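Notes for the structure review
Now for the letters of each chain:
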Amino acid sequence: MEMAKNNNTFPVKPYLDVQVDKYADYVYATFEYDRINGRMKSFGDFYYPAMVSVCTDICNQFLSEGFADSPKADEYGKTSLLKTMEDDFNQSNPIRSSNAFKKVSLCSGHPLGQCSEQHAANDLLQINGAENLNIKSEIFFSKAVRPANRKAFDPCDNCKKLFDM
Ligand SMILES: [Zn+2]
């Protein structure tokens, strides 16, 4: 049996953690500007995305950012991520509706596909040359940060399973 990757000892992790703090500042400022100017996108009860993440590939060639938002099958279907979600969480059956993302989630508080890590990885896989990266062994993540208070969070059970960490 292969060991899960140790995301915390990835040599580029300290750099990713610096980048995600900067990205959290940027996301907070952007959504705060929209809120003040009456162009608020709501995230449930909050003004800001719950969490942001940054990820890179094992060779640190590509860098991508993401924030937590509702999962969309057509977004994840642009990359290998939707297929991997279906294989890992729904016995290779389709996950297409928002209800399906909720139903297969291992976490009671949020659906599969909601997390900033998953949005960041989906963007990374759309970069030219990054399409074939193995999400379980070749993609590494920063800490997840909540822009509203800059607190860091550990990955949830969905992310641990999907990204093997
Ligand atoms: Zn997660």
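Keep in mind it's a predicted model, so treat the numbers as computed, not measured.

Below, the discussion takes up the overall build of the chain. Along the chain, the regular secondary structure elements total six helices and five strands. N-terminal to C-terminal, the α/β element order of the chain is α-β-β-α-α-α-α-β-β-β-α. Here the chain has a C-alpha radius of gyration of 15 Å; the compact-globule value for 165 residues is 15 Å, and the two agree. Each principal axis of the C-alpha distribution contributes one length, and for the chain these read about 50 × 40 × 30 Å. For the chain, buried positions account for 36% of its 165 residues. In the chain, the share of contacts with a sequence separation of at least 24, taken over all contacts with a separation of at least 6, comes to 69%.

This next bit is on the pairing of strand 1 (residues 52-57). Across the six residues that make up strand 1, a large majority, six, are buried. Burial along strand 1 is two-sided: the face carrying Val52, Val54 and Thr56 and the face carrying Ser53, Cys55 and Asp57 are both buried. Pairing of strand 1 with strand 2 (residues 63-67) involves five bridges; the strand directions are antiparallel. Residue pairing across strands places Ser53 opposite Gly66, the latter belonging to strand 2.

Criteria and cut-off values
- Residues numbered from 1 in each chain as written.
- Predicted model: local features only at pLDDT ≥ 70, side-chain atom pairs only at ≥ 80, totals over all residues.
- Helix = DSSP H or I, 4+ residues; strand = E, 2+ residues; numbered from the N terminus.
- Rg over C-alpha atoms; globule rule 2.2 N^0.38 Å.
- Buried ≥ 20, exposed ≤ 12 C-beta atoms within 10 Å, placed from the backbone.
- Contact = placed C-beta atoms within 7 Å.
- Pairing = 2+ DSSP bridges.

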